[in-house]
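So the chains spell out like this:
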Amino acid sequence: MFMFATGIENSYPTVGGKRVDEMAKCGHYQHWQADFDAVEELGIQYLRYGPPIHTTWLGEGKYDWEFCDLTMRDLHRRNISPIVDLCHFGVPDWIGNFQNPDFARLFGGYATDFATRYPWVQLYTPVNEMFICALFSGRYGWWNEQLGTDLGFVTALKGLVKANVLAMRSILDIRPDAIFIQSESSEYYHADDPKAIKPAEILNSMRFLSLDLNYGRRIDSEMYEYVMDNGMTKDEYRFFLDNRFKQHCIMGNDYYVTNEHRVAADGSSRAAGEVFGYDGITWQYYDRYRLPVMHTETNLNDNAEGTASVDWLWKQWASVLRVRNDGVPIVGFTWYSLTDQVDWDSALRNDAGNVNPLGLYDLDRNIRPVGRAYKKLIQDWDSVLPTQSVCLIVPVVRPQEYEEAWAIRRRDAARQWRQRKSTMMTPTPGEH
């Protein structure tokens, strides 16, 4: 089944020491039942969703599961498959920020405890947009640690990716047939003039760092020197090469009109608008990683007539069909998010209360024109896609199928396969 999805925007970075909680700003805590009703109304069976980490994870092994239990129980009742987002741009106050060297280890424990509590959850995005989070927190100085250095960026990046890898390993120990859908921003940097070619090339190598490390791919020589010059050790690099869970992954890539950049000779950049588009950039990522693909985020600020978002939805869907028909195994599409958002026009840095008309529904939970268009798109294409062009069957077990005999057999087979693989990879005494 092709995975049509949406998401509940759950960013929660700190800005200047103050927590910015998009679930609170968008009213999800009060209207979560209405939000889930809207998901059902659209005919959507997959929801990018995760608990607020700062109010759920109170300390090492300490949790307040009350709100998470309510919402997860209701998703199970509705048989909506959550793609669980465990870390979305922030950490609890007691951890501090992404410069904390203990974050990755602690997060692996959090993932274990979540998967143990909700064993019926199969789909995960353990850490959302690792590259963007490290960039905004460690290099741009916007969020969390608010650093503006290469050292800050590399420290945040290696911690975020290691946390993602350890979470995958932890979850697989509990749910051996788990599937990980990375949600990562797909970027491209265009040189403004000949003098900008070199800085653009560097940025175009840097954009792959998070996924290279996450999938255990050897990074380019220039990037190897860069991360080594900025705090990564050989042992840390070796960790990523030795812990590969690529076979359990779908490469989720996000595309917005802001994802392409024009680079000047001094390395500065500005928005380029849509140049290559989703299809052109997705091919670059697919050629590099050769994984099934899911379009995991897109939206556009709507106009007063409600036509801008509808046109953007059509354009993104046309791009999805194009890469699919050209041979990319694309398995899902996401309009993000379900409702309008607040203050994303300033990347959450200004607490101005600006409502951004990006959702399928407004904040009064009234459906937007793009919501009606997406509902129709799903109705039109849902039964066609499995029989047309390139289509992979993703072995998804729906929440209410978890206890079915066939699902149990599948988990047992996946567990036995992991055990055999682990045995094959464990050196015998005396081996080097």
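Located above this text is the structure these notes cover.
Residues numbered from 1 in each chain as written. Predicted model: local features only at pLDDT ≥ 70, side-chain atom pairs only at ≥ 80, totals over all residues. Heavy atoms only, no water.

**Q** In this structure, what is going on with the sheet that holds strand 12 (residues 260-263)? I would like to understand it.
**A** Within a sheet, adjacent strands bond to each other through the backbone by hydrogen bonds, running parallel or antiparallel. Across the sheet, three strands lie side by side as 10-12-13; this open sheet has mixed pairing. In this open sheet, the two strands that pair with only one neighbour each are strand 10 (188-191) and strand 13 (269-271). Put simply, the sheet's adjacent strands are angled 35° from each other on average, direction ignored. The strands that helix 8 (residues 197-206) touches are strand 10 and strand 12; relative to strand 10, the one it contacts most, it runs at about 175°. (Pairing = 2+ DSSP bridges. Helix = DSSP H or I, 4+ residues; strand = E, 2+ residues; numbered from the N terminus. Axes fitted to C-alpha atoms, helices over the stretch in contact; angles between N-to-C directions. Contact = heavy atoms within 4.5 Å.)

**Q** Before we go on, may I ask you to explain the pattern of salt bridges in this structure?
**A** If the charged atoms of two oppositely charged side chains come close together, the side chains can form a pair. With the rule as written, the count across this model stands at 32 salt bridges. Through salt bridges that share partners, Asp-37, Glu-40, Asp-74, Arg-77 and Arg-78 make up one connected network. (Salt bridge = Lys/Arg side-chain N within 4 Å of Asp/Glu carboxyl O.)

**Q** Explanation requested: the packing of aromatic side chains in the structure shown.
**A** Working definition: an aromatic ring pair is given by the centre-to-centre distance plus the angle between the planes. Considering all chains together, one arrives at 40 aromatic pairs under this definition. For the ring pair Phe-131 and Phe-153, a centre distance of 6.0 Å and an interplane angle of 90° mean the geometry is edge-to-face. Here the residue Phe-131 occupies a position in helix 6 (residues 130-139), and Phe-153 occupies one in helix 7 (residues 150-174), the gap between them amounting to 22 residues. In this pair, the class of Phe-131 matches that of Phe-153, namely buried. Through successive ring pairs, a cluster of aromatic residues spans Trp-57, Tyr-63, Trp-65, Trp-94, Phe-98, Phe-103, Phe-107, Tyr-110, Phe-114, Tyr-118, Tyr-124 and Phe-180. Geometry around Trp-142 places Arg-349 over its ring, the cationic atom sitting 3.8 Å from the centre. (Phe/Tyr/Trp six-rings, centres within 6.5 Å; stacked < 30°, edge-to-face > 60°. Buried < 20%, exposed > 50% of the residue type's maximum accessible area, 1.4 Å probe, protein only. Lys NZ or Arg CZ within 6 Å of the ring centre and 35° of its normal.)

**Q** How should I be thinking about the sheet that holds strand 4 (residues 46-49) in this particular structure?
**A** With parallel pairing, eight strands are arranged side by side around a closed barrel as 1-4-7-8-9-11-14-15. Looking at each pair of strands side by side, their axes are set apart by 25° on average, direction ignored. Where strand 14 (residues 293-297) and strand 15 (residues 330-335) come together, three bridges link them in parallel fashion. Each residue of the ladder has a partner; that of Val-293, found in strand 15, is Ile-330. Contacts from helix 4 (residues 66-78) reach strand 4 and strand 7 (81-87) within the one sheet, and its direction differs from that of strand 4 by about 170°.

**Q** Before we go on, may I ask you to explain the pairing of strand 7 in this structure?
**A** Looking down a regular strand, the side chains alternate between one sheet face and the other. Taking burial as the measure, the seven residues of strand 7 include seven buried ones, the bulk of the element. For the segment spanning strand 7, helix 5 (residues 103-117) and strand 8 (residues 123-127), crossover handedness is right-handed. (Right-handed = clockwise from strand over helix to strand, strands pointing away.)

**Q** Would you explain unusual backbone geometry in this entry?
**A** Both trends apply: most residues other than glycine have a negative phi, and most peptide bonds are in trans. The step from Tyr-336 to Ser-337 runs through a cis peptide bond, and the omega angle for that step is 15°. By the secondary structure assignment, Ser-337 is in the loop between strand 15 and strand 16 (341-342). The backbone of Glu-129 shows a phi angle near 40°, a positive value even though the residue is not glycine. Within the secondary structure layout, Glu-129 lies in the loop between strand 8 and helix 6. For Glu-129, a relative accessible area of 7% translates into the label buried. For Asn-144, which is not glycine, the phi torsion reads 50° and is therefore positive. As for its placement among the helices and strands, Asn-144 is situated in the loop between helix 6 and helix 7.

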